[in-house]
Amino acid sequence: MLENLLTILILLPILGALGTVAYGLLPSRRESHYRWIALLFSLATFALSLLLVNGAGTGDASAGFRFEQNVSWIGEIGARYHLGVDGISLWLVLLTTLIMPIAIVSSWHAVEKRGIAFYAFLLLLEAAMIGVFVALDLLIFYLFFEASLVPMFFLIGIWGGQNRRYAAIKFFIYTALGSLLMLVGIIALYFIYGSFDYTIILAQMREGRTLGGTTEYWLFLAFAIAFLVKTPVFPFHTWLPDAHTEAPTAGSVILAGVLLKMGTYGLLRFNFALFPTASRYFAPLMITLAIIGIIYGALVAMVQPDVKRLVAYSSVSHMGFVVLGLFSFTDQGMQGALYQMLNHGVSTGALFLFVGMIYERRHTRMISDFGGLGHSMPLFSALFVFASLSSIGLPLLNGFVGEFLIMLGMWNSTSVQYPWMATMLAATGVIWAAVYMLWMLQRVVFGPLTHNKNAHLSDLNSRELGLLVPLLVLMVVMGVYPRPFLERARASVETVRARIVAPQGEGGSFTVQAQRELEHLPEKR
């Protein structure tokens, strides 16, 4: 079974979606059973994904990908069904499979219409997200990357807020147009190297078949724009606040927890490995955009009257830190960036859960409608403050480790002329994060009760507490003992980094299959 584990992880949520739909066709169906079917399949997917920990990310940098499946898919064009996982994708797959059952449980009483379609779309989205993180054929990667748009489009457009159609269409247009540029780049690589396979292309680059300067720069931009829109990085961020604000709670949790990471994962996996010279060339621009995003996102979050929109803009700021760390091209910065991807998924995902819980009770997200919730909801308030401190980057919680590594790596970076200045400007984002989060907590949680409706709100129930506990525990574990996470990713991150710092045509690992298939490739088209 282990040799087909990645395929099983992709197919299991799809089977769950089909099972949910099939059950909905039965005359004796019960509405409450849809969520149980979805939860069962998502938990089974998470349990199976834990088997990846025993293989992926172990060994030295030459170990390459684990749990590989590599068979011909469309022979006429050389497309292959090639999957694999390494230390970079390992934790992102596990984050995906962990977040999905939490998102399903968060919707237990929130979804009152079209339950079959809602849970089916969630499971299909999970399959697509897993596929993105394990695909090693560029065509397969693109298909999974695009497939993730459709379920999220419907989740926002059907079960979202008042302006859900506008937000859904804006989300789809932004991300789909960016992805089309990447498709052009993928096709160009195919005609240059005769293959869509990521590892085969890398193998040819090792053999000296490198891209020309101008060609590499244009292909870098084609891929980068798609990933920068998905992340999103300033100025491609405007779709995100609307999508977050209008999405149902489960959609916001998945969007923040996993979908945004597809952009930064793409930069790390494909842009850096395939276009190392262009990555170095555009690094100052990317670092500038990242710093602008860090400061801009924080300042705009500070003035938001809607608590959900505040958390949404905080994502723009936090993902700016990830991009900053990636383009530092240092071991600390790139490892910190990968770690911050996980941190953001845990902390911001939890914050959206808290926002959804108070919305279910009060049917409002306006900060002015709250105040003094600590009196009526003490447990909720305590845990909300805890998750907020994690998002700020309090020492001994997960956010601190990632941001500290990123700033340490940026300080030692050679990507820009004055790395100390870039680091200090980015560090102001931590200060602004403390300002907008603590000010929000002061107005929502602390102080006297400002509205009578808040006086009798029920505190967290066992279901809500149960879905929060895994994330809260991870905040502590990742803040106190980050070593297992960092060690599993180190070799894979260093392999990608070697492509950046080594001369063109050197560095980077590829699989044994790629070496064998390289000998049988057609001539350059």
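By volume, the largest pocket is sized at about 650 Å³. Residue lining of the largest pocket: 27 residues in total, with Ala110, Trp159, Gly160, Pro248 and Tyr359 positioned closest to the centre. Residue assignment for the lining of the largest pocket shows that the elements contributing at least two residues are helix 6 (149-159), helix 10 (239-246), helix 11 (249-259) and helix 15 (331-362). Examining the composition of the lining of the largest pocket, we find that three residues originate from one element, helix 15, more than from any other. Of the residues that make up the lining of the largest pocket, three or more belong to each of domain 1 (1-274) and domain 2 (284-525). The volume enclosed by the second largest pocket comes to roughly 210 Å³. Forming the walls of the second largest pocket are 13 residues, and the residues nearest its centre are Trp91, Leu94, Leu98, Leu474 and Phe485. Secondary structure elements with two or more residues in the lining of the second largest pocket: helix 3 (87-106), helix 15 and helix 20 (462-480).

Here the focus is helix 4 (residues 115-134). Between the first and last C-alpha of helix 4 there are 29 Å, a value that for 20 residues agrees with the 28 Å anticipated at 1.5 Å per step. In terms of residue burial, helix 4 counts as a mostly covered element, since 17 of its 20 residues are buried.

Counting residues in each nonpolar core, the largest one holds 185 residues, and the members touching the most others are Leu189, Leu274 and Phe327. The element best represented in this core is helix 15, accounting for 15 residues. When residues are assigned to domains, this core turns out to be shared by domain 1 (1-274) and domain 2 (284-525), each giving three or more. In contact with Phe327, not counting residues within four places along its chain, are Phe220, Leu267, Phe272, Ser279, Ala283, Met286, Ile287, Ser413 and Ser415.

Below, the discussion takes up the domain arrangement of the protein. Entries for the protein in the domain assignment read domain 1 (1-274) and domain 2 (284-525). Centre-to-centre, using C-alpha coordinates, domain 1 lies 19 Å away from domain 2. Of the residues lining the interface, 74 residues belong to domain 1; the matching set on domain 2 comes to 64 residues. When domain 1 packs against domain 2, the two sides together hide about 6000 Å² of surface, and 69% of this comes from carbon and sulfur. When the buried area of domain 1 at its contact with domain 2 is split by residue, Trp91, Phe234 and Phe272 rank highest and sum to 13% of it. At the junction of domain 1 and domain 2, the tally comes to one salt bridge.

Turning our attention to the pairing of strand 1 (residues 66-74). Where strand 1 meets strand 2 (residues 79-85), six bridges bridge the pair, whose relative direction is antiparallel. The partner of Val71 across the bridge, within strand 2, is Tyr81.

Before going further, it helps to spend a moment on the environment of Leu125. Examined against the element boundaries, Leu125 turns out to sit in helix 4. For the pair Leu125 and Pro13, spaced 112 residues apart in sequence, the C-alpha to C-alpha distance is 8.5 Å. Discounting chain neighbours no more than four positions away, the residues touching Leu125 are Ser148, Pro151, Met152, Leu155, Ile254 and Leu259.

It is the contact of helix 5 (residues 138-147) with helix 6, at a shortest axis distance of 5 Å, that shows an interaxial angle of 5°. With respect to helix 6, the axis of helix 5 lies roughly parallel. Facing Phe145, Glu146 and Ala147 of helix 5, the residues of helix 6 in contact are Leu149, Val150 and Pro151. Across the contact of helix 5 with helix 6, the residue classes break down as five nonpolar, no polar and one charged.

Right, let's get into the confidence of the model for the protein. Of all residues in the protein, 93% have pLDDT values of 70 or greater, and the mean over the chain is 89. Note on residues 503-525: pLDDT is under 50 here. Beyond four places in sequence and across chains, it has 52 contacts.

Moving on, we come to unusual backbone geometry. Here the amide bond leading from Thr231 into Pro232 is cis, since omega sits at -15°, within 30 degrees of zero. Its place among the elements puts Pro232 in the loop between helix 9 (213-230) and helix 10. Here the bond from Phe234 into Pro235 is cis, since omega is 10°, no more than 30 degrees from zero. Topologically, Pro235 is positioned in the loop between helix 9 and helix 10. Even without being a glycine, Phe329 presents a positive backbone phi close to 60°.

With that settled, consider empty space enclosed by the protein. Under the criterion given, the structure shown has four cavities of 30 Å³ or more. Each pocket or cavity is described by its volume, and for the second largest cavity that value is around 60 Å³. For the second largest cavity, the full set of lining residues is Ser106, Thr249, Leu353, Gly356, Met357, Glu360, Arg463, Glu464 and Leu467. Of all the secondary-structure elements, those providing two or more residues to the lining of the second largest cavity are helix 15 and helix 20. Across the lining of the second largest cavity, the residue classes tally to three nonpolar, three polar and three charged.

Across the seven residues that make up strand 2, a large majority, six, are buried. Two successive antiparallel strands, strand 1 and strand 2, enclose a turn made up of four residues, where Gly78 displays a positive phi of approximately 75°.

With respect to the helices and strands, Thr231 occurs in the loop between helix 9 and helix 10. The class for Thr231 is buried, based on a relative accessible area of 0%.

Further remarks concern the environment of Val493. Within the secondary structure, Val493 sits in helix 21 (residues 483-501). Look at Val493 and you get buried, because its relative accessible area is 0%. The sequence separation of Val493 and His33 amounts to 460 residues, and the corresponding C-alpha distance is 43 Å. For Val493, the residues in contact, after removing those within four places along its chain, are Ile88, Met334, Gln335 and Leu338.

Conventions and cut-offs
- Just so you know, the residues in each chain are numbered from 1, in the order the chain's sequence is written.
- Residue-level local features of this predicted model are given only where pLDDT is at least 70; pairs of side-chain atoms are given and counted only at 80 or more, and the full residue set underlies all totals for whole chains, interfaces and linings.
- Think of the side-chain values as coming from all heavy atoms in the structure, minus any hydrogens and water.
- Buried and open spaces are told apart on a 1 Å grid over the protein atoms alone, a cavity being a set of points where a 1.4 Å probe fits but cannot get out and a pocket being an open set with protein on both sides within 12 Å along at least five of seven lines. Residues with an atom within 4 Å of a point are the lining residues.
- Grid points are joined across faces, edges and corners, and a volume is the space filled by probe spheres set on the points.
- What counts as a helix is a DSSP run of H or I of at least four residues, what counts as a strand is a run of E of at least two, and both are numbered from the N terminus.
- For the domains described, the bounds stem from an automatic or database domain assignment.
- Take the number of residues in a helix, subtract one, and multiply by 1.5 Å to get its expected span.
- Relative accessibility decides the category of a residue: with a 1.4 Å probe and only protein chains considered, values under 20% of the type maximum give buried, values over 50% give exposed, and everything between is partly exposed.
- For our purposes a nonpolar core is just a set of buried Ala, Val, Leu, Ile, Met, Phe, Trp, Tyr and Cys residues, chained together by side-chain atoms within 4.5 Å.
- Any two residues whose heavy atoms approach within 4.5 Å are treated as being in contact.
- A simple way to read buried area is as the amount of 1.4 Å-probe accessible surface that goes missing from two parts once joined, with both sides added.
- The rule for a salt bridge is simple: a side-chain nitrogen of Lys or Arg has to be within 4 Å of a carboxyl oxygen of Asp or Glu.
- Two strands form a pair only when DSSP identifies at least two bridges running between them.
- Lines fitted to C-alpha atoms define the axes, with helix axes restricted to the stretch in contact, and inter-axis angles between N-to-C directions lie between 0 and 180 degrees.
- The cut-offs work like this: below 35 degrees is roughly parallel, past 145 is roughly antiparallel, 65 to 115 is roughly perpendicular, and the gaps in between are oblique.
- Under the convention adopted here, Pro, Cys and the residues Ala, Val, Leu, Ile, Met, Phe, Trp and Tyr are nonpolar, Asp, Glu, Lys and Arg are charged, and Gly plus all remaining residues are polar.
- pLDDT expresses how confident the predictor is about each individual residue, on a scale running from 0 to 100.

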